[in-house]
Amino acid sequence: MLLSDQAGTTAAAKIPRPATLRESVIEAIQELIVSGQLKPGQHLVESELAALLGVSRQPVREALQQLSGEGWVDLHPGQGAFVHVPTLEEADQLLAVRTLLETESARLAAQYAGEEGVRRLRTLCAQGIAAVKSDDVDGAVALNSELHALVTDLSGNRVLAELAAQVARRVRWYHTPVARQRGMASWDEHTALIDAIEAGDERRAAKIMREHTEHTRASYMEQRGTEPVEPAPKPVRRRRPRQLGGAG
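Here the residue numbers are simple positions, counted from 1 along each chain's written sequence. In keeping with the predicted nature of the model, local features appear solely for residues at pLDDT of at least 70, side-chain atom pairs appear and are counted solely at 80 or more, and the whole-chain, interface and lining totals rest on all residues. Side-chain metrics in this entry use all non-hydrogen atoms of the structure; hydrogen atoms and water are not considered.

Draft legend 1. Here's a closer look at the pattern of salt bridges. We count a salt bridge whenever a side-chain nitrogen from Lys or Arg sits within 4 Å of a carboxyl oxygen from Asp or Glu. Going through the model one piece at a time under the given rule, you end up with 16 salt bridges. Close ionic contact of E102 with R98 constitutes a salt bridge, the shortest N to O distance being 3.3 Å. Of this pair, E102 and R98 both sit in helix α4 (residues 88–112), four residues apart, roughly one helical turn. In this scheme, a residue with accessible area under 20% of its type's maximum is buried, one over 50% is exposed, and one in between is partly exposed, where area comes from a 1.4 Å probe on protein chains only. With a relative accessible area of 9%, E102 lands in the buried category. The network of salt bridges with shared partners includes E27, E31, R169 and R172. The way it works is that DSSP assigns letters per residue, a run of H or I at least four long becomes a helix, a run of E at least two long becomes a strand, and they are numbered from the N terminus.

Below, the structure written as structure tokens:
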């Protein structure tokens, strides 16, 4: 199909490309890591992952290679693949960037959200509170991500939304271990944030979001300090077999 723009230039319309098997496997493994079903430092056995996902070992091997390049998996020659163990520094840096992005998102959302946007935020917040009350940690984490994504979407800034989306999944990975610890306090902060957005109070919305994301950052750093994660084992040096006979 060909389309013409206002200048009369003819261009081909982009056709949605279905996900390849490798992309689907990458997505599935990422979700297993983010949800905590695969723990930091855990050994990833190709045959076990293949059986779990119902695929052959080849797409799993390819997926692990790509995930290694993206910082989700560590590959150790002679030992295999392990779920990456985030350092305190990299976690702190990413959560700091998240604070900057979402603080601005909240400020802009207070300008542009409108009645419908506020209604959608309150619906998600009510669902999140219900999830916390029923001790549905996975549900609360997912709803937390949805609410933050919606705030960014309501900012009306597409570049900001794209940047926030790039860090969102890793933020969810860091948030999952502290979701129960944050509990209802997190959703009380969400409620206050939505009140500020509804009132069109940009400064207050930005302040609440900044403090809210800093609370999550502090909780994660505290949790990592009291419950250190075992690092993946170091590669073992393999001795070369001794050659028989003298040197030629």
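Draft legend 2. A look at the environment of R182. Along the chain, R182 turns up in helix α8 (residues 179–198). Given a relative accessible area of 7%, R182 falls into the buried group. In sequence terms R182 and V132 are 50 residues apart; their C-alpha atoms lie 9.9 Å from each other. Of note is the side chain of R182, whose polar atom sits 3.4 Å from the side chain of H212. Counting of polar contacts relies on pairs of N or O atoms within 3.5 Å, with two restrictions inside protein: one atom must be capable of donating a hydrogen and the other of accepting it, and residues adjacent in sequence are counted only when both atoms are side-chain atoms.

Draft legend 3. Up close: the confidence of the model for the protein chain. Here the protein chain shows a mean pLDDT of 86. Residues at 70 or above account for 83%. When mean pLDDT is taken per element in the protein chain, helix α5 (residues 114–133) scores highest with 97 and strand β1 (residues 2–4) scores lowest with 46. Confidence per residue, as judged by the predictor, is encoded in pLDDT with a range of 0 to 100. Only heavy atoms enter the contact rule, under which two residues are in contact if any of them lie within 4.5 Å. Counted against residues more than four places away or in other chains, residues 1–6, with its pLDDT under 50, gives 12 contacts.

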